[in-house]
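Observations on the three-dimensional arrangement
Listed below, chain by chain, are the residues.
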Amino acid sequence: MIRTLLLAVVLLGTAPMAAAQAPDATRPQQAEDAALEAINAKMNAYVALMNRTLRASESIERYKSWVDMEKGPVNKNRVFGVYDLYDVTDLIAEASAALGQEPKLPELDGSMKTYIEAYSGLAPIIDEANTYYERKDYLDDNLARGKQIHARLAPAARAFLAARETVNQTLQLEHMNLNRQELALIERREGRKARWHRANLMMAAQRIVDRLPDSDDPTVDVAALDADVTALVNASAGFEDYRKSDPEALKSLQGGLRSFVAAAREFRDTIKPLKGDLRRGGGQQAQALVNAYNGLVGSANSAAD
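Residues numbered from 1 in each chain as written. Predicted model: local features only at pLDDT ≥ 70, side-chain atom pairs only at ≥ 80, totals over all residues. Heavy atoms only, no water.

1. A look at the overall build of the protein
Assigned secondary structure in the protein consists of ten helices and zero strands. Starting at the N terminus, the α and β elements of the protein follow one another as α-α-α-α-α-α-α-α-α-α. Across the 305 residues of the protein, 49% fall into the buried class. Relative to all contacts within the protein whose residues are 6 or more apart in sequence, the contacts with residues 24 or more apart total 78%. Total accessible area computed for the protein in this model is approximately 14600 Å², and 51% of it derives from carbon and sulfur atoms. Distance between charge centroids for the protein: 4 Å, based on 38 positive and 42 negative side chains. (Helix = DSSP H or I, 4+ residues; strand = E, 2+ residues; numbered from the N terminus. Buried < 20%, exposed > 50% of the residue type's maximum accessible area, 1.4 Å probe, protein only. Contact = heavy atoms within 4.5 Å. Areas by Shrake-Rupley, 256 points an atom, 1.4 Å probe, with all protein chains shown as cover. Lys, Arg positive; Asp, Glu negative; His and termini not counted. Charge placed at Lys NZ, Arg CZ, Asp CG, Glu CD.)

So, in structure tokens, the structure goes:
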């Protein structure tokens, strides 16, 4: 299974500056806000590129569905080609620019640089393969050029997938670290009110989505997922308790949150007896979880407007 959503960065947003504060008192707050906004901007550039270049992973999976990666294409009567890639020229430029911007995040910046290089090496080969197979050139040359393309495609695909996994892991760590900083900042400025609950809920939801496996290791840590679902349920209960004192708070978030909680529970209960192995089932529930999360992200961002 390919994870269809890597990370949807939710701009939690820091608290607006209080008008009554003296100018000197606002300076540390403005510096905190600027630092977090800079991290958000960098990570959004990286996430945008990662999400759009997921198409390359899907193209590799398509190719693997009919080609033995050790042997290459051998049967011209069973050819399914590859998927064409999206134009990510602007996204690569934006992510490349972000590499040199402050704050420096050495692990993430380094892994993203490697990823851009790996994708830039892979993309022309996939484009070449797509043209070759779409035109059915293999019918005339008995896959001779297809085998030549494979000799370059296989190692480029391995390098790309390895780089993607590394970026995915470092992005998740940095994203959770950023969210914890923002959550603490909101609590310090406002207390545990509506914006704090929104941020806390999205952190809990993100942890669950991060448990979704990839094609290389299609298993879920069931115990960890169970703990994450429990944390989500507790965060949801805290949110509902808060709304008793402020019924209009984040009203637009309710529907998306309930759908996501239900999807998380169903996913957990489906894969538990399968020992977390999605090869044995649960794919439909996993996709429903991703869809519910996308809806929740949209609701959360709307609630912040």
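Now that the structure has been shown, the text picks up again.
2. Here's the deal with the pattern of salt bridges
Counted under the stated rule, the structure contains 19 salt bridges. In this structure, the salt-bridge partner of Asp 226 is Lys 272, at a minimum N-O distance of 3.6 Å. Taken as a pair, Asp 226 in helix α8 (residues 222-245) and Lys 272 in the loop between α9 (254-271) and α10 (283-304) lie far apart in primary sequence, 46 residues in all. When the shortest N-O distance is used, the salt bridge between Arg 279 and Asp 277 registers 3.0 Å. Judged by its relative accessible area of 63%, Arg 279 is exposed. We classify Asp 277 as buried; its relative accessible area is 14%. Each member of the salt-bridge network shares a partner with another, and the members are Glu 32, Asp 33, Arg 188 and Arg 189. (Salt bridge = Lys/Arg side-chain N within 4 Å of Asp/Glu carboxyl O.)

3. Structural notes on empty space enclosed by the protein
Summed over all chains, the structure comprises two cavities of 30 Å³ or more. Roughly 40 Å³ of internal volume is contained in the second largest cavity. Lining of the second largest cavity is provided by Ser 59, Ile 60, Tyr 63, Met 69, Val 82, Ile 126, Leu 153 and Ala 157. Going through the elements one at a time, α2 (54-64) and α6 (144-190) are the ones with two or more residues in the lining of the second largest cavity. With three residues, α2 is the largest single contributor of residues to the lining of the second largest cavity. (1 Å grid on protein atoms, 1.4 Å probe; cavity = no way out; pocket = protein on both sides within 12 Å on 5 of 7 lines; lining within 4 Å. Points joined across faces, edges and corners; volume = space filled by probe spheres on them.)

4. A look at the nonpolar core
Within the largest apolar cluster, 51 residues are counted, with the highest numbers of intra-cluster contacts made by Met 112, Leu 122, Tyr 133 and Phe 160. The set of elements that each furnish at least two residues to this core consists of α1 (23-52), α2, α3 (89-99), α4 (106-134) and α6. Among the elements that take part in this core, α4 stands out by supplying 13 residues, more than any other. Leaving out residues up to four positions away in the same chain, Leu 122 has contacts with Ala 56, Ile 60, Leu 153, Ala 156, Ala 157 and Phe 160. Leu 212, Val 229, Tyr 242 and Phe 260 belong to the second-largest nonpolar core, a separate cluster that totals 34 residues. (Core = buried A, V, L, I, M, F, W, Y, C linked by side-chain atoms within 4.5 Å.)

5. Overview of the confidence of the model for the protein
The predicted structure's coordinates, where accompanied by low pLDDT, should not be read in detail. Averaged over every residue, the pLDDT of the protein is 89; residues scoring 70 or more account for 90%. Confidence drops under a pLDDT of 50 for residues 1-22, and excluding neighbours within four residues, the segment shows 84 contacts in the predicted structure. (pLDDT = per-residue confidence, 0-100.)

6. A closer look at the layout of surface pockets
The space that makes up the second largest pocket amounts to roughly 150 Å³. Forming the walls of the second largest pocket are Gln 172, Leu 173, Met 176, Arg 180, Arg 207, Asp 210, Arg 211 and Asp 228. A total of four residues in the lining of the second largest pocket trace back to one element, the largest contributor, which is α6. Among the residues making up the lining of the second largest pocket, the classes are represented as two nonpolar, one polar and five charged. (Nonpolar A, V, L, I, M, F, W, Y, C, P; charged D, E, K, R; others polar.)

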